[in-house]
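A structural walkthrough
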Amino acid sequence: MDSHAQPSVVIVGGGIAGLSVAKCLSDNGLSCTLIERENQLGGHVRSWACMATDRCLRCFCCTVEDLIDVVESSERVSVLTGCELESLERPGTNSFRVQVRNATNGDRQPVEAAAVVIAAGFTPYDPSEKVFWGYGVHRGVVTLQELDTLVRRDDLAGFVGESDEPLKMAFFQCVGSRDRSIGADYCSQYCCKAALRMALRLRKDKPDWEITIFYIDLQVAGKFAGSLLSLAEEKQIRLIQGVPGEIVPREDGTLEILREHKGVNVREIYDKIVLSVGQHPLPDVSRLSSLAGLETDRFGFLTAAGTQDPCRTRVDRVYVAGTVGGPKDIEQTVEHAGRTAAAVLADLNGSERTQQ
Ligand code: SF4
Ligand code: SF4
């Protein structure tokens, strides 16, 4: 079938959600325009490392490389990187006129579409907002995403040094999540599994390191995630309930933490601390929501039509996919994007709305 005869879909965001939607729609004969603000596709996941130890730990990071290959080689997908959504008009009930702006040279390009999918992703919480994390102040404190990128670049020594001495590393969970004081009293869904995988990945190369994860609750739901806990116990990762509230630097460069244990304050010394920061809404989510006529929830994520229909929105033929609509891990993001693509296909094919 001639793809030009098919309706076209604009997808805003070239991370794993937008890529998944583009693949699914193009596989089903629709043409798509994928708009990505950065100069390359892949979003956050592109800079995260494979977490395989002696086995695949099902982190799903490698799916993004495959998706990029498929989407970039598809004749049905037009990829516009370094570009952002500038305006969204609706000249007819079933059509959109989208203005895309090149962020470098300011060039504008109009795109006609029959549907719009917002898949713009999330922003990681910036822990420098709370001074007691010591982020940006103490050299031994990094975010989990930064550590992931270092592992991917095979540059862990850039953070921990070249010494062969065993090192003590602690992960602090729920940094910027489940925190009412910053309006983020929700679970970010992915950081417990990500920290467990990272701890196991480090254990593979650094068997003599002492690795501790301080948590509130360990959220490890998911098809493949349950085994992470038993693997962590098997590999002697310390799991301690209760997240310390302060990091104090010492003269020798180590970091002292204070935690409560059976009603008594206990001090422990660590060489490095990893902050498992949560997912927050994009800084410009209100611009996106007002361009598309959407609402945001009390945390700032775009609101879908309802829990029974988490991909459509209250605006006909405007959809959300992935973490722009709320925190998700990679597996959940791909699954959500698949449901979004199915909803687009059902609506554009004139089908009855699928019962979710
Ligand atoms: S799913 Fe993750 S751990 Fe498994 S091979 Fe892919 S990147 Fe590596
Ligand atoms: S996934 Fe874990 S670390 Fe992340 S917010 Fe939820 S409970 Fe906290």
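In short, a report on the structure. (Residues numbered from 1 in each chain as written. Chains lettered and ligands numbered in written order. Predicted model: local features only at pLDDT ≥ 70, side-chain atom pairs only at ≥ 80, totals over all residues. Heavy atoms only, no water.)

Residues in contact with ligand 2, as listed here, are Gln 173, Cys 174, Ser 177, Arg 178, Cys 187, Ser 188, Gln 189, Tyr 190, Cys 191, Cys 192, Asp 217 and Gln 219. At a threshold of 2 Å from the grid points, most atoms of ligand 2 map onto the second largest cavity. Contributing elements (two or more residues each) for the shell around ligand 2: strand 10 (168–175) and helix 5 (191–205). Here the shell around ligand 2 is built from residues that sort into five nonpolar, five polar and two charged. (Near = heavy atom within 4 Å. 1 Å grid on protein atoms, 1.4 Å probe; cavity = no way out; pocket = protein on both sides within 12 Å on 5 of 7 lines; lining within 4 Å. Sits in = over half its atoms within 2 Å of the grid points. Helix = DSSP H or I, 4+ residues; strand = E, 2+ residues; numbered from the N terminus. Nonpolar A, V, L, I, M, F, W, Y, C, P; charged D, E, K, R; others polar.)

What follows is about the packing of helix 1 (residues 16–27) against helix 2 (residues 63–73). In the contact formed by helix 1 and helix 2, the axes pass within 9 Å of each other and the chain directions differ by 45°. Taken as axis vectors, helix 1 and helix 2 run oblique relative to one another. As for how helix 1 packs across helix 2, the hand of that crossing is left-handed. Judged by residue contacts, Ile 16, Leu 19, Ser 20, Ala 22 and Lys 23 of helix 1 engage Thr 63, Val 64, Leu 67, Ile 68, Val 70 and Val 71 from helix 2. Among the residues making up the contact of helix 1 with helix 2, the classes are represented as eight nonpolar, two polar and one charged. (Axes fitted to C-alpha atoms, helices over the stretch in contact; angles between N-to-C directions. Parallel < 35°, antiparallel > 145°, perpendicular 65-115°, else oblique. Left-handed = near helix turned anticlockwise from the far one by under 90°. Contact = heavy atoms within 4.5 Å.)

This part covers the site of ligand 1. Neighbouring ligand 1 are the residues Cys 50, Met 51, Ala 52, Cys 56, Leu 57, Arg 58, Cys 59, Phe 60 and Cys 62. The residue inventory of the shell around ligand 1, partitioned by class, reads eight nonpolar, no polar and one charged.

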